[in-house]
Amino acid sequence: MKKLIIDRVSKQFSAVQALSDVHLTLEEGKMLAVLGPSGCGKTTLLRAIAGFETPDTGRILINGQTVFDAQTSTKLINTKPEHRKIGYVPQHGVLFPHLTVEKNIAFGLSSADSKRQTKQQKAQRVIEMLELVGMAGLGQRMPHELSGGQQQRIALARALAPSPSLVLLDEPFSALDAGLRIALREEVKATLNAIAATAIIVTHDQEEALSMADLVAVMRQGKCVQVSDPVSLYQYPTDINVAKFVGDAIVLPAVVANGSIHSRFGTLALAGGCATDSKSATIMIRPEQFVVSPPHEQQFGGHVLKTIYYGHNALVHLKTEDQWGAQEIQMRVNGARTFSPGEYLGLKIEGAVMAYE
Ligand SMILES: Nc1ncnc2c1ncn2[C@@H]1O[C@H](COP(=O)(O)OP(=O)(O)OP(=O)(O)O)[C@@H](O)[C@H]1O
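Each value, and the rule that gives it
- Residues numbered from 1 in each chain as written.
- Predicted model: local features only at pLDDT ≥ 70, side-chain atom pairs only at ≥ 80, totals over all residues.
- Heavy atoms only, no water.
- Near = heavy atom within 4 Å.
- Polar contact = N/O pair within 3.5 Å; in protein donor to acceptor, adjacent residues only side chain to side chain.
- Areas by Shrake-Rupley, 256 points an atom, 1.4 Å probe, with all protein chains shown as cover.
- Helix = DSSP H or I, 4+ residues; strand = E, 2+ residues; numbered from the N terminus.
- Nonpolar A, V, L, I, M, F, W, Y, C, P; charged D, E, K, R; others polar.
- Pairing = 2+ DSSP bridges.
- Axes fitted to C-alpha atoms, helices over the stretch in contact; angles between N-to-C directions.
- Contact = heavy atoms within 4.5 Å.
- pLDDT = per-residue confidence, 0-100.
- Parallel < 35°, antiparallel > 145°, perpendicular 65-115°, else oblique.
- Left-handed = near helix turned anticlockwise from the far one by under 90°.
- Buried < 20%, exposed > 50% of the residue type's maximum accessible area, 1.4 Å probe, protein only.
- Salt bridge = Lys/Arg side-chain N within 4 Å of Asp/Glu carboxyl O.

A. Focus on the site of the ligand. What surrounds the ligand is the set Phe13, Val16, Ala18, Pro37, Ser38, Gly39, Cys40, Gly41, Lys42, Thr43, Thr44 and Glu171. Here an oxygen atom of the ligand sits 2.8 Å away from a polar atom, N or O, in the main chain of Gly39. Between the ligand and Gly41, the relevant distance is 3.1 Å, taken from an oxygen atom to a main-chain nitrogen or oxygen of the residue. Expressed as a share of its isolated accessible area of 640 Å², the protein-covered part of the ligand is 59%. Sorting the residues of the shell around the ligand by element identifies strand E2 (16-27) and helix H1 (42-50) as the ones contributing at least two each. A per-element tally of the shell around the ligand places H1 first, with three residues. Residue classes in the shell around the ligand are distributed as five nonpolar, five polar and two charged.

Given below as structure tokens:
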């Protein structure tokens, strides 16, 4: 079942087209990441779904109910935020500093829909939420007695307490340090999965989007330029800009003829869905598609310029030089491998390669 339908939603602020004809749908129980650079319209989209921003055009349906419709002939439908059954986890500064953890969570149960619950039912719900986010027994603490990660978990508990139809997370980990961010991403995903929540996370971090979401919507200048599952997005980006935004990309000129790529790296397999003939194509290769090949298989290679070490892996920068001219490329290798500057490496390319006209 479609939990969310965003149908041709646009929003303009003075001269800025913050959202332009955005169309998105999300199935029940799935997580969507809205990914894009600063200013592309991510927050405006999230605020439009929550009802904090009124779009100029389009429709928004949550759980089969139209919560916004600018197109009706009679009058605009625009359900108030508190009646949209949305759980909102903002970026930071989220908890009321003068209330205990328990009271912060219980605040989420003060909406009209939760008013019918008895005091005991609410107290029980708070306990369930504390358990869900792994913080049982800490209900009497004040927010300042919690770490940054614990505070974000309580913010999630507060958003989930009223059993919202849709959970919206606006860059929820951006204030946390790298290690904690990764740990919390996994915890939050597990928590949302445990209750089969439908959720949208806004982020400008491609790793966060690819690792957490079932579906990633890439935005650029108010438009949704690609909506794909993480694997397809990384392997088959719709254009070079998306390719570069979601990962490291080596971009080269090439010729595509009869369904194959002819490039400085020889004949390469063309990825499905690409144009099969072009005299002036641009191809995109991921650094992990380059592998060091044994001498008898070498068709081409390059001299090592430098190696950037990341722990779990490393990026080796190489310079290739042949009749096509000089080109710098990057190859991703296991972090334990070391190469010396100036060393010559024979290379081959594994897997299909994307080509763009
Ligand atoms: N209330 C507003 N008034 C005027 N312009 C606005 C308003 N809100 C957003 N904008 C503009 O709309 C565009 C989209 O903004 P938005 O905050 O949605 O981007 P974003 O992708 O969330 O960026 P960031 O990652 O930096 O938060 C930007 O150019 C922004 O300056």
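This is not the end of the story, as more comes after the structure.
B. Molecular detail of the sheet that holds strand E3 (residues 31-35). What the six strands build is an open sheet, ordered E7-E8-E9-E3-E10-E11; its pairing is mixed. Sheet topology places strand E7 (86-89) and strand E11 (223-228) at the edges, where each strand pairs with a single neighbour. The sheet shows a mean angle of 20° between the axes of neighbouring strands, direction not considered. In this structure, E3 lies alongside strand E9 (residues 199-203), joined through five bridges in parallel fashion. Paired with Leu35 across the bridge in E9 is Thr203. Its contacts with the sheet put H1 on E3, E7, strand E8 (166-170), E9 and strand E10 (215-220), and the angle it makes with E8 is roughly 150°.

C. Region of interest: the confidence of the model for the chain. On average, the chain scores 89 in pLDDT, and the residues at 70 or more come to 97%. In the model output, the complex is listed with pTM 0.88 alongside ipTM 0.97.

D. Broad picture of the packing of helix H4 (residues 148-160) against helix H5 (residues 178-194). In contact at an axis separation of 11 Å, H4 and H5 are set at 20° when each is read in the N-to-C sense. One element, H4, and the other, H5, form an angle in the roughly parallel class. Between H4 and H5 lies a crossing whose hand is right-handed. Within the contact between the two elements, H4 uses Gly149, Gln152, Arg153, Leu156 and Leu160 and H5 uses Leu180, Leu184, Glu187, Val188, Thr191 and Leu192. By residue class, the composition of the contact of H4 with H5 is six nonpolar, three polar and two charged.

E. Expanded view of unusual backbone geometry. With phi around 45°, Arg8 is a residue other than glycine that occupies positive phi space. Structurally, the position occupied by Arg8 is in strand E1 (residues 2-13). A relative accessible area of 41% means that Arg8 is categorised as partly exposed. Even without being glycine, Gln221 reaches a positive phi, approximately 45°. With respect to the helices, strands and loops of the structure, Gln221 is situated in the loop between E10 and E11.

F. Seen up close, the pattern of salt bridges. What the rule picks out here adds up to 13 salt bridges. One salt bridge in this structure joins Glu208 and Arg185, with 3.4 Å as the shortest N-O distance. With Glu208 in helix H6 (residues 206-212) and Arg185 in helix H5, the pair connects residues that are 23 residues apart, well separated along the chain. Of the charged contacts, one joins Asp248 and Arg332 as a salt bridge, the two residues approaching to 3.2 Å between their closest N and O atoms. Taken together, the residues Asp248 in the loop between helix H8 (240-246) and strand E12 (250-257) and Arg332 in strand E19 (residues 325-334) connect sequence positions 84 residues apart. Of the residues examined, Arg332 reaches a relative accessible area of 22% and is grouped as partly exposed. Taken together, the shared-partner salt bridges in this structure form one network comprising Arg185, Asp205, Glu207 and Glu208.

G. Main features of the packing of helix H3 (residues 119-132) against H4. Their axes nearest at 9 Å, the elements H3 and H4 cross at an angle of 135°. In terms of their interaxial angle, H3 and H4 are classed as oblique. The crossing of H3 and H4 is right-handed. Contacts between H3 and H4 involve Arg125, Met129, Leu130 and Leu132 on the former and, on the latter, Ile154, Ala157 and Leu160.

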